[in-house]
Amino acid sequence: GKGTADRLYAEILGAARALDLPRLTVFASRHARRFFARHGWLPAPGLPMRDGMDPALTAGENPITLGMVLEITP
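Because the structure is predicted, anything quoted here is derived from the model rather than measured. (Residues numbered from 1 in each chain as written. Predicted model: local features only at pLDDT ≥ 70, side-chain atom pairs only at ≥ 80, totals over all residues. Heavy atoms only, no water.)

## A word on the pairing of strand 3 (residues 64-71)
- Summarising burial for strand 3: 6 of the 8 residues are buried, a large majority.
- Note: strand 1 (residues 23-29) against strand 3, 7 bridges, orientation antiparallel. Within the sheet, the bridge partner assigned to Val 26 lies in strand 3 and is Met 68. (Buried < 20%, exposed > 50% of the residue type's maximum accessible area, 1.4 Å probe, protein only. Helix = DSSP H or I, 4+ residues; strand = E, 2+ residues; numbered from the N terminus. Pairing = 2+ DSSP bridges.)

Printed below as a string of structure tokens:
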């Protein structure tokens, strides 16, 4: 609630733009989805989960289950 996530996000997005990346992808938990959606990310349910992802990340109370994508505009 102090803006830390927004500041970190701004740094990551700035670096992606500096590298001329066309898009970013992320696998988000149900809590994180709201943050990403607020920043323009869209669900990408067809995005394949990476092999070898730690099972602890995809189970439990707040599992990472949804791929999301952001098309980066200059």
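## With respect to the sheet that holds strand 3
- Pairing is antiparallel in the open sheet, where 3 strands are placed in the order 1-3-2. In the strand order of this sheet, the two ends are held by strand 1 and strand 2 (42-43), each with one partner.
- Packed onto the sheet, helix 2 (residues 30-38) meets strand 1 and strand 3 and runs at close to 145° relative to strand 1. (Contact = heavy atoms within 4.5 Å. Axes fitted to C-alpha atoms, helices over the stretch in contact; angles between N-to-C directions.)

## So, the pattern of salt bridges
- Per the stated rule, a full pass over the model turns up 2 salt bridges.
- As a salt-bridge pair, Arg 38 and Asp 6 come within 3.8 Å of each other at their nearest N and O atoms. Of this pair, Arg 38 sits in helix 2 while Asp 6 sits in helix 1 (residues 4-18), and the two are 32 residues apart along the sequence.
- For Arg 23, the salt bridge identified is with Glu 71, shortest N-O distance 3.3 Å. With Arg 23 in strand 1 and Glu 71 in strand 3, this residue pair connects regions lying 48 residues apart in the sequence. (Salt bridge = Lys/Arg side-chain N within 4 Å of Asp/Glu carboxyl O.)

## Quick notes on unusual backbone geometry
- Unlike most non-glycine residues, Asp 20 shows phi in positive territory, near 55°.
- Of note, Asp 20 is situated in the loop between helix 1 and strand 1.
- According to the relative accessible area criterion, Asp 20 is exposed, its value standing at 67%.

## As for the nonpolar core
- Core analysis: the largest hydrophobic core is formed by 13 residues, its most contacted members being Tyr 9, Leu 13, Leu 24, Phe 36, Trp 41 and Met 68.
- Elements with a minimum of two residues in this core: helix 1, strand 1, helix 2 and strand 3.
- Residue contacts for Phe 36: discarding those within four places in its chain leaves Val 26, Ala 28, Trp 41 and Met 68. (Core = buried A, V, L, I, M, F, W, Y, C linked by side-chain atoms within 4.5 Å.)

Read these as spatial facts, not as claims about activity.
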